[in-house]
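# Coordinate inspection notes
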Amino acid sequence: MMLLCEHDQKVYAASLRVDPNRAQFFEYESLTFYCEEVSDCEVVHESKGKTASCNKSNRRTATGSSCTVTNIYSDDNGEYWFDARGGKRSNSVIITVTDGSVILEIPALPVMEGEAVTLTCRNKTTSSQTSADFYKDGVFINSSFTGNMIIRSVSKCDEGLYKCNISGAGESAESRLTVREQHLMENDCLSEHCCHIYLRLRTVFTIVMVALLLLVVGLLHCRKLRVTNRNCNCKCNCHNKGSNGENTKDEE
């Protein structure tokens, strides 16, 4: 159970997510990192080290902390994570920032098998819907007049590198769609459940042991008092007998 709890902490206690949950951004957009189960959201970039803006924008949340990067640039591309207590590291998130005109809105975090996922090809210069072509691992897979491609029930087969192209505007960068299998999620939930059971049992065990310790100490103390009282009674009786004997002798 302790091993299960340790595994659960590695999976859940140190988790990083981003808002909005997408892997691609235009320059000068803002994004927020959420660090679960830690009080300071010190996000680390793979090459630049700790994100300096997090020192100024760090905030506490109901589940940990967060920090916001108000202006991101193309050199902010790369992998992000944070270091948690005990030398543990959170999951990583790969962010792509472009100075071009087209991005693909694709989840930055893994999606669970069976979920519906929408990929959106977005043009920086217009907010209206634009037709777009979508590619997976370099191969054309779909064309959409709305700029959206919907995967209604995602599976491991849908994992891969995706990009899109808008005629006359350009092509997006490639980003990976990662799918998490359902049974792995269930196993993680079982590990979390076992961890909670272990923590509760440990608390109950501690309370019971403290109560037993107090009971033993109390019994030993009572026994000591009884022995002390018995010795006192014995001394008193002996003293009284000795006093009675001396008086009788004097009278004779």
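Residues numbered from 1 in each chain as written. Predicted model: local features only at pLDDT ≥ 70, side-chain atom pairs only at ≥ 80, totals over all residues. Heavy atoms only, no water.

By the naming in an unreviewed UniProt entry, the protein is Ig-like domain-containing protein, taken from Anabas testudineus.

## Thoughts on the state of the cysteines
Put simply, the rule is: Throughout, disulfides are identified as pairs of cysteine sulfur atoms within 2.5 Å of each other. We count a stretch as a helix when DSSP gives it H or I for four or more residues in a row; a strand needs E for two or more, and each element gets its number in order from the N terminus.
A full pass over the atoms with the stated rule returns three disulfides. Across a sulfur-sulfur distance of 2.0 Å, C54 and C67 are joined as a disulfide pair. Of this pair, C54 sits in helix α2 (residues 53-57) while C67 sits in strand β7 (residues 64-69), placing them 13 residues apart in sequence.

## Here we look at the environment of Y80
Spelled out, the test is: Contact between two residues is taken to exist if any of their heavy atoms lie within 4.5 Å; hydrogens are not considered.
Here Y80 is to be found in strand β8 (residues 78-82). C-alpha separation for the pair Y80 and K48, spaced 32 residues apart in sequence, amounts to 10.0 Å. Not counting chain neighbours up to four residues away, the residues in contact with Y80 comprise L16, F33, V43, V44, H45, T51, N91, S92, V93 and I95.

## With respect to the packing of aromatic side chains
Just so we agree on the cut-off: Here a Phe, Tyr or Trp ring, Trp counted by its six-membered ring, pairs with any other such ring whose centre lies within 6.5 Å, and the pair is stacked when the planes are under 30 degrees apart, edge-to-face when over 60, and tilted otherwise. Only protein chains enter the calculation, and the probe is 1.4 Å; a residue is then buried if its accessible area is under 20% of its type maximum, exposed if over 50%, and partly exposed in between.
This model, assessed by the stated rule, comprises three aromatic pairs. Ring plane angle 85 degrees and centroid distance 5.5 Å describe the contact between Y28 and Y73, whose orientation is recorded as edge-to-face. A residue pair is termed long-range when its members are at least 10 positions apart, and Y28 in the loop between β2 (24-26) and β3 (31-36) and Y73 in the loop between β7 and β8 qualify at 45 residues. Classification of Y28 as exposed rests on a relative accessible area of 53%. Under the relative-accessibility criterion, Y73 is labelled partly exposed at 36%.

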